[in-house]
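Analysis of the macromolecular model
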Amino acid sequence: MSKTIFEKIIAREIPSAIVYEDDLVAAFRDVSPQAPTHILIVPKRPIPRVGEAQADDQALLGHLLFKAAEVAQKVGLTGGYRLVINNGRDGGESVPHLHVHILGGRSMKWPPG
Ligand code: AMP
């Protein structure tokens, strides 16, 4: 299977601004930011989307969310932020490698588009 673009970022095969990394997840700046702060945090193991996670991925999913909150704090999103997971075609997912968007630095609208 060919690598996803996020696997290539993790492997340093393409450049990215990585803001956090551990054995299980990596967080980097979105190349097309939709807010003053827009970071993606991804599992290093390329689960295509949250809807395809398996029962034994539960600890990893928890770690991903916990670290998303830590990254948001680390980059100074003290006024709040939004976490977004797009799942599949109708969810607007364009990269088939599970990722949580961390969006902040402006007031978010509801409902999303
Ligand atoms: P989604 O539409 O939820 O699948 O989000 C995919 C996100 O990946 C989009 O916000 C893109 O801007 C972002 N993206 C695509 N390629 C890169 C890249 N090379 N580095 C950082 N972010 C990227």
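Residues numbered from 1 in each chain as written. Predicted model: local features only at pLDDT ≥ 70, side-chain atom pairs only at ≥ 80, totals over all residues. Heavy atoms only, no water.

1. Some points on the site of the ligand
- For the ligand, the set of nearby residues contains 16 residues, the closest of which are D30, N86, S94, H99 and H101.
- A distance of 2.6 Å separates an oxygen atom of the ligand from a polar atom in the backbone of S94.
- Here an oxygen atom of the ligand and a side-chain polar atom of H99 are 2.8 Å apart.
- Summarising the interface, the protein chains cover 82% of the accessible area of the ligand, which totals 500 Å² for the free molecule.
- Looking at the shell around the ligand, the elements with two or more residues in it are helix 1 (5–10) and strand 2 (25–29).
- Considering every element that reaches the shell around the ligand, the biggest residue donor is helix 1, with 3 residues.
- Looking at the shell around the ligand, its residues break down into 7 nonpolar, 6 polar and 3 charged. (Near = heavy atom within 4 Å. Polar contact = N/O pair within 3.5 Å; in protein donor to acceptor, adjacent residues only side chain to side chain. Areas by Shrake-Rupley, 256 points an atom, 1.4 Å probe, with all protein chains shown as cover. Helix = DSSP H or I, 4+ residues; strand = E, 2+ residues; numbered from the N terminus. Nonpolar A, V, L, I, M, F, W, Y, C, P; charged D, E, K, R; others polar.)

2. A few points about the pairing of strand 3 (residues 37–43)
- Of all 7 residues making up strand 3, 7 are buried, and the element is well covered by its neighbours.
- Alternating residues of strand 3 divide into T37, I39, I41 and P43 and H38, L40 and V42, and every residue in both groups is buried.
- Pairing analysis gives 5 bridges linking strand 3 to strand 5 (residues 100–104), with the strands arranged antiparallel. From the neighbouring strand, H38 faces strand 5, where its bridge partner is L103. (Buried < 20%, exposed > 50% of the residue type's maximum accessible area, 1.4 Å probe, protein only. Pairing = 2+ DSSP bridges.)

3. Points about the side chain of R82
- Along the chain, R82 turns up in strand 4 (residues 81–84).
- Nearest to the buried, unbridged R82 among oppositely charged side chains is D30, at 14 Å. (Lys, Arg positive; Asp, Glu negative; His and termini not counted. Salt bridge = Lys/Arg side-chain N within 4 Å of Asp/Glu carboxyl O.)

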